[in-house]
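# Per-entry structural report
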Amino acid sequence: MDIAYAGRNDWDIDNIIISNRHLKATLEQVSRAAGTVNYKLTMKMDDQVPAGRIRDMITIVTNDRTNPNVPLMVDGIIVPDISITPAVVSVGSVTPGQTTLKQIVVKGRKPFQIDDIDCEDMADCFKAQLASAARPLHVVPIQFTAPNRPGKFTEELIVKIHGRPEPLRLSVTFEIVN
């Protein structure tokens, strides 16, 4: 962001207050002459910023006694390096033993390998066909075979990415009817 001020010769930015621990700011004075000053404010996020919307206020603190604090809104969407679509897979109603095939799309900024897709509670019910090579986009067919347990279910599939300590997760909803 470019910041321009015209007025006092000695006007200056003293500090930048940031409440979000994932944001860092650097300030560079670009020019100063005849009562004008120009700054370049650069905001960066650390590697630990969670995916999702970020909306925070930062405060530029100046040496102007009548108006020392200038609030600025930081607003954006943090896109994860790897995402799954859809986030919730709806299988619908199935009977015991019925097999259904659904697809998920796992997309990354750079090529990656999916090591495994598993379900802790119903491991025998889900089978995923995984690619053997790293690629930036995986279209993964997932076969679901309904067990003989009538009821409504929401299960979590765990997607393990090679070299990534934390797995990705998605929900699968279905109802088993007789």
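In what follows, the structure referred to is the one given above.
Parameters and conventions
Residues numbered from 1 in each chain as written. Predicted model: local features only at pLDDT ≥ 70, side-chain atom pairs only at ≥ 80, totals over all residues. Heavy atoms only, no water. Helix = DSSP H or I, 4+ residues; strand = E, 2+ residues; numbered from the N terminus. Rg over C-alpha atoms; globule rule 2.2 N^0.38 Å. Buried < 20%, exposed > 50% of the residue type's maximum accessible area, 1.4 Å probe, protein only. Contact = heavy atoms within 4.5 Å. Polar contact = N/O pair within 3.5 Å; in protein donor to acceptor, adjacent residues only side chain to side chain. Pairing = 2+ DSSP bridges. Axes fitted to C-alpha atoms, helices over the stretch in contact; angles between N-to-C directions. Core = buried A, V, L, I, M, F, W, Y, C linked by side-chain atoms within 4.5 Å. Phe/Tyr/Trp six-rings, centres within 6.5 Å; stacked < 30°, edge-to-face > 60°.

Of regular secondary structure, the chain possesses 0 helices and 14 strands. Seen in sequence order, the chain has helices and strands lined up from the N terminus as β-β-β-β-β-β-β-β-β-β-β-β-β-β. Radius of gyration (C-alpha) of the chain: 26 Å, far over the 16 Å computed for a compact globule of 178 residues. Seen through its C-alpha atoms, the chain measures out along the principal axes to roughly 80 × 35 × 20 Å. When the 178 residues of the chain are sorted by exposure, 33% land in the buried category. When contacts within the chain are restricted to residue pairs at least 6 apart in sequence, long-range pairs at least 24 apart make up 58% of them.

The subject of this paragraph is the side chain of Thr62. Position of Thr62 among the secondary structure elements: in strand S5 (residues 52–62). What makes Thr62 buried here is its relative accessible area of 4%. A polar contact is formed between the side chain of Thr62 and the backbone oxygen of Asn67, at a distance of 3.4 Å. Sequence-distant contacts of Thr62, defined by excluding residues within four places in its chain, comprise Trp11, Asp12, Ile13, Asp14, Asn67, Pro68 and Val70.

For the rest of this paragraph, the subject is the sheet that holds strand S7 (residues 82–85). The 4 strands are arranged S7-S9-S12-S11 in an open sheet whose pairing can be described as antiparallel. The two strands at the open ends of the sheet, each matched to only one other strand, are S7 and strand S11 (126–128). Recorded for the sheet is a direction-independent mean angle of 25° between the axes of neighbouring strands.

With 27 residues, the main nonpolar core has Ile104, Phe126 and Phe174 as its most contacted residues. The set of elements that each furnish at least two residues to this core consists of S7, strand S8 (88–94), strand S9 (99–112), strand S10 (114–119), strand S12 (135–145), strand S13 (151–161) and strand S14 (168–176). Counting residues per element, this core draws most heavily on S14, which supplies 5 residues. Ile16, Tyr39, Ile58 and Val74 belong to the second largest nonpolar core, which has 16 residues in total.

What follows is about the environment of Ile176. Relative to the elements of secondary structure, Ile176 occurs in strand S14. On a C-alpha basis, the gap between Ile176 and Gly97 in space is 9.6 Å, while along the polypeptide they are 79 residues apart. Once residues within four sequence positions are removed from consideration, Ile176 is found in contact with Val94, Thr95, Pro96, Ala146, Pro147, Arg149, Pro150, Gly151 and Phe153.

Let's shift gears to the sheet that holds S13. Spatial strand order, S8-S14-S13-S10: 4 strands in an open sheet with mixed pairing. Both outer strands of the open sheet, S8 and S10, are each paired with one neighbouring strand and no more. The average undirected angle you get between the axes of adjacent strands in this sheet is 20°. Of the pairings in the sheet, the one linking S13 to S14 comprises 9 bridges and is antiparallel in character. If you follow Ile158 over to S14, its bridge partner there is Arg169.

The next point concerns the pairing of strand S6 (residues 69–78). Note: S5 against S6, 10 bridges, orientation antiparallel. When the sheet's bridge partners are listed, Arg55 is paired in S6 with Asp75. Connecting S5 to the next strand, S6, in antiparallel fashion are 6 residues.

Two measures describe an aromatic ring pair: the distance that separates the ring centres and the angle between the ring planes. In the structure shown here, the tally under the stated rule is 6 aromatic pairs. Ring plane angle 65° and centroid distance 6.5 Å describe the contact between Phe126 and Phe174, whose orientation is recorded as edge-to-face. One end of the pair, Phe126, is in strand S11; the other, Phe174, is in strand S14, with 48 residues separating them in the sequence. Like Phe126, the residue Phe174 is buried in the burial classification. Plain terms: the ring middles of Phe153 and Phe174 are 5.3 Å apart, the flat faces sit at 20° to each other, and that makes the pair stacked. Here Phe174 lies in strand S14 and Phe153 lies in strand S13, a separation of 21 residues in the sequence.

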